[in-house]
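Working through the structure, step by step
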Amino acid sequence: MNSLREMLAMMELELRRLRHDRTEIYTRAIQPILWLVVYGTIMSSIRAIPTGGIPYLDFITPGVLLQSTVFVSVFYGLTIVWERDTGILKKLLVAPVPRYSTVIGKTIASGVRAIFQALIIAPVAVLLGVKFIARPLNFLAALVVLFLVSGGFAAISILVASFMKTRERFMGIGQAIIMPLFFGSSALYPIKMMPTLLQRIAVLNPLTYAVDAVRGLMISGDLSHFARDTGAIVLFDAVMFVLASVSFRKIIE
Amino acid sequence: MDVKRPEENLVDIRGLVKVYPPATRALDGIDLGIKAGRIFALLGPNGAGKTTLVRVLTTQLRPTAGQASIFGLDVVRKAAEVRALIGYVPQEMSVWTDITGYENLLIYAKIYGLPAAVRKKQVWEALESMGLAGFAKALVKTYSGGMIRRLEVACALLIKPKIMFLDEPTIGLDPAARKAVWEKILTFKKEFGTTVFFNTHYMDEADLYSDEIAIIDRGRLVKLGTAEELKHSIKRDVIRVGLGTGSSAGEKVLARLRALRSVTGAGLADSELTVAVGDAESALPAVIDVLRDEGLPIIRISAEKPTLDDVFLAYAGSSLQSGPDLREVRSVRRQIRQG
């Protein structure tokens, strides 16, 4: 009960922040839009990547959406570093709520932000001619997947923030996490095209499963691996939530 | 085992030790009791352990040894219960600057689970009691440093806590803002009988607002008492005597004064006589006797008690650094930038 109300309060905080200032969402959308507009359109004209009959731009849209939401959540840890430098975290830890609810509340907040991010990029994709499956339920389900994945990555970012106590080090680690995950997933090309070593990494990469699920829901309609994908995401979330909650104590000492 | 009377002290600290690895003894065996309804000031040089003590009492840090309880509730074993009773304002800025003041309190009201029926009313009451109602709908980043501090106090008193912990409540504020913050805290305290525990660097604040003062140094309690008791305890009063111009005071009278047992020193400049004594009240008759005996005309006479600064220097002076440590400077600068 206590934990639920804190999680909801954290979500509300994020929505209120967004209401006052949305610049960050817009500026953060520039990079993924470049992936679609520049990289996507150029690569589709070559037709070098076997996408199973899907136009290349449509193929990478789910990956780009996920990359941008993961970007948001990984850097969400930065706000936690900032809240630690100020007294906000200390005050939250003195509130009569369990500590894990602060962690999960923060990851939910990052999920909220990530969804707003996706809602900005999706129309751009439509303008570029990407054909989404026109079923609202599919779209909603895809947003839920984005939300869940983003929560897991926000938890990773809290975990990193517990060890990296300065913003500069955090920035470096953030970059070092995101790009390899992006390239080591099926976001830009099918896994079968990768070298064997990278294929093995891709199998362990939560982003692979997320991309597969979102692509099935939004673009290809192929949901044959959907249960496996969501299972992998939920497992990833659970492990990360536990690790982040355990390490959270460290962040203030 | 001795008979425990938990009602007697609201905060009860016994043999509290906190060691930061590898070997920094931030708290080195503190014993302290704080009675309900009082304003308690904790003084000490940088690194004395003030913030560590507050953080242990507010359940953020586990003590290495010893115990502390609030309302008889152990801060480690009953941490959740303790948290529901206390208000806390950390030393660093602790509000979200990208939302409004009203929204800050609303979010905290929800985290603390204030019932929806009274939530808004209590938020507005807290804002009004801190004189912020007129700025409730402005973004906190437009607030001044003093307003931010008052918002933080408003946040802490939202739940009408039984005890409030304020870690350097007025650090980095100008004198007018400091006064405003304190006036609001005192009004609230009077109304609700809240116990207040605060850390400070400002001697004048401890002197003006506290009922009791503890001085800690290197993790140990070195002195405890009211401001008057502390000033009395160092025995460094000064008696100043204004003599008529052209009076014949000279070395002879100084020598006679110095010979008195209660006098530690005497000097003469511009027909003003300065006599350093242990305790002014007990030394005064003997000093006056000497002056009368010498036939010197006394125009005025005054006794100066030491200030709390003198007290602080006497008890904790040995470990004072030449300046605040780097971390503190940085955190204050950051607050100034942000505030």
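Counting its secondary structure elements, chain B contains 12 helices and 14 strands. Across its three principal axes, chain B shows a C-alpha extent of roughly 80 × 55 × 40 Å. Taken across its 339 residues, chain B has 41% of its residues classed as buried.

Moving on: the overall build of chain A. Within chain A one finds 11 helices and 0 strands. The linear arrangement of helices and strands in chain A, starting from the amino end, is α-α-α-α-α-α-α-α-α-α-α. A globule of 253 residues ought to have a C-alpha radius of gyration of about 18 Å, and chain A, at 18 Å, matches this closely. Viewed in the frame of its principal axes, chain A has a C-alpha envelope of about 55 × 40 × 35 Å. Taken over 253 residues, chain A has a buried fraction of 47%.

Consider a sheet: its strands pair through backbone hydrogen bonds, and that pairing is either parallel or antiparallel. Residues and elements named next belong to chain B. Taken in spatial order, the 6 strands line up as β6-β7-β8-β3-β9-β10 in an open sheet, and their pairing is mixed. Strands with a single pairing partner mark the edges of an open sheet, and in this sheet they are β6 (86–89) and β10 (220–225). Within the sheet, the average angular offset between the axes of one strand and its neighbour, ignoring direction, is 15°. Sheet topology places β6 next to strand β7 (residues 163–167); 4 bridges connect them, and they run parallel. Paired with V89 across the strands is L166, a residue of β7. In this fold helix α5 (residues 145–157) packs onto β6 and β7, with an angle of close to 165° to the strand it touches most, β6.

This paragraph deals with the environment of G105 of chain A. Positionally, G105 of chain A belongs in helix α6 (residues 99–127). Assessed through the 25 C-beta atoms surrounding it within 10 Å, G105 of chain A is described here as buried.

Looking now at the interface of chain A and chain B. At the junction of the two partners, chain A supplies 22 residues and chain B supplies 24 residues. When residues of the side of chain A that touches chain B are traced back to their parent elements, those giving at least two are α1 (2–20) and α5 (88–94) of chain A. If one sorts the elements of the side of chain A that touches chain B by residue count, α1 of chain A sits on top with 9 residues. Of the residues belonging to the side of chain A that touches chain B, the class tally is 9 nonpolar, 4 polar and 9 charged.

Residues and elements named next belong to chain A. Taking 1.5 Å of rise per residue, 15 residues should cover 21 Å, and helix α10 (residues 206–220) covers 20 Å from first to last C-alpha, within 8% of that figure. Summarising burial for α10: 14 of the 15 residues are buried, a large majority. A positive backbone phi angle near 75° is found at G221, which sits one or two residues after α10.

Domain parsing of chain B yields domain 1 (11–231) and domain 2 (235–305). Taken over C-alpha atoms, the centre of domain 1 of chain B sits 45 Å from the centre of domain 2 of chain B.

Moving on: the environment of A65 of chain B. Residue and element names in this part refer to chain B. The residue A65 is located in strand β4 (residues 65–70) in this model. For the pair A65 and D28, spaced 37 residues apart in sequence, the C-alpha to C-alpha distance is 9.3 Å. Ignoring any residue separated from it by four or fewer positions in sequence, one finds A65 in contact with G15 and V17.

So, about unusual backbone geometry. In most cases, non-glycine residues show a negative phi, while peptide bonds are predominantly trans. Residues and elements named next belong to chain B. Across the junction of P21 and P22, the peptide omega takes the value 0°, indicating a cis bond. Tracing the sequence through the fold places P22 in the loop between β1 (11–20) and β2 (24–34). Positive phi, normally seen in glycine, also occurs at E168, with a value near 50°. Note on placement: E168 falls in the loop between β7 and α6 (175–192). A tally of 23 C-beta atoms within 10 Å means that E168 is categorised as buried.

Before going further, it helps to examine the sheet that holds strand β12 (residues 263–269) of chain B. Residue and element names in this part refer to chain B. Pairing is antiparallel in the open sheet, where 4 strands are placed in the order β12-β13-β11-β14. Where the open sheet ends on each side, the last strands, each with one partner, are β12 and β14 (298–304). Strand-to-strand, the axes of this sheet are offset by a mean angle of 15°, without reference to chain direction. As defined by bridge partners, β12 adjoins strand β13 (residues 272–277) across 6 bridges and the pair is classed as antiparallel. Along β13, the bridge assignment pairs L268 with L273. The strands touched by helix α9 (residues 251–259) are β12 and β13; relative to β12, the strand with the most contacts, the crossing angle is about 165°.

The next thing to look at is the packing of helix α3 (residues 56–74) of chain A against helix α7 (residues 136–163) of chain A. All names here are of chain A. One way to put it is that α3 packs onto α7 with a least axis distance of 8 Å and a crossing angle of 35°. For α3 against α7, the interelement crossing comes out right-handed. Between α3 and α7, the residues in contact are L65, L66, T69, V70, V72, S73 and V74 and L146, V149, S150, F153, A154, I156 and S157, respectively. Among the residues forming the contact of α3 with α7, the class breakdown is 10 nonpolar, 4 polar and no charged.

Within the span of helix α4 (residues 76–85) of chain A, buried status applies to Y76, G77, T79, I80, V81 and E83 of chain A. Packed against the buried residues of α4 of chain A are α3, α5, α6, α7 and α8 (167–183) of chain A.

The next subject is the packing of α3 of chain A against α6 of chain A. All names here are of chain A. Contact geometry for α3 and α6: axes closest at 9 Å, N-to-C directions at 150°. Taken as a pair, α3 and α6 cross one another with a handedness that is right-handed. The segment α3 lies against α6, with T61, V64, L65, S68, T69, V72 and S73 engaging S110, R113, A114, Q117, A118, I121, A122 and A125.

A word on the nonpolar core. In this structure, V214 of chain A together with L105, A154 and L158 of chain B are the most contacted members of the largest nonpolar core, which totals 152 residues. A per-element tally of this core places α7 of chain A first, with 13 residues. Membership of the second largest hydrophobic core comes to 15 residues, among which are L243, V263, L273 and V275 of chain B.

We now examine the confidence of the model for chain B. Residues and elements named next belong to chain B. Here chain B shows a mean pLDDT of 86. Residues at 70 or above account for 91%. This model gives residues 1–6 a pLDDT under 50, and the stretch forms 1 contact once residues within four places in sequence are excluded. If you check the scores for this complex, the pTM reads 0.82 and the ipTM reads 0.85.

Residue and element names in this part refer to chain A. Structurally, V214 is set in helix α10. By C-beta crowding, V214 is classed as buried, having 26 other C-beta atoms within 10 Å. Residues V214 and V126, 88 residues apart in the sequence, show an inter-C-alpha distance of 16 Å. Excluding anything up to four places from it in sequence, V214 contacts P62, L65, L66, A142, V145 and L146.

How each quantity is defined
Residue positions are given per chain, counted from 1 along the sequence in the order it is written. Naming scheme: in the order in which they are written, chains are lettered from A and ligands are numbered from 1. With the structure being a predicted model, the display of local features is reserved for residues of pLDDT at least 70 and the display and counting of side-chain atom pairs for 80 or more, all residues being used for whole-chain, interface and lining totals. Runs of E in the DSSP output that reach at least two residues are strands. Runs of H or I that reach at least four are helices, and both are numbered from the N terminus. Our exposure labels follow a C-beta count within 10 Å of each residue's own C-beta, placed from the backbone: buried means 20 or more other C-beta atoms, exposed means 12 or fewer, and partly exposed covers the counts in between. As defined in this context, the radius of gyration uses C-alpha atoms, and a globule is described by 2.2 Å times the residue total to the power 0.38. At least two DSSP bridges between two strands are required for those strands to pair. What counts as an axis is a line fitted to C-alpha atoms, over the stretch in contact for a helix, and the angles between N-to-C directions run from 0 to 180 degrees. Two residues form a contact once the distance between their C-beta atoms, set from the backbone, is within 7 Å. Under the scheme applied here, ten amino acids are nonpolar (Ala, Val, Leu, Ile, Met, Phe, Trp, Tyr, Cys and Pro), four are charged (Asp, Glu, Lys and Arg), and all others, including Gly, are polar. Every helix has an expected span of 1.5 Å times one less than the residues it contains. The domain limits used here are those given by an automatic or database domain assignment. It is the rotation of the near helix from the far one that decides the hand of a crossing: anticlockwise by less than a right angle makes it left-handed, clockwise makes it right-handed. Residues enter a nonpolar core if they are buried, belong to Ala, Val, Leu, Ile, Met, Phe, Trp, Tyr or Cys, and are joined to the set through C-beta atoms within 7 Å. Per-residue confidence from the predictor is given as pLDDT, running between 0 and 100.

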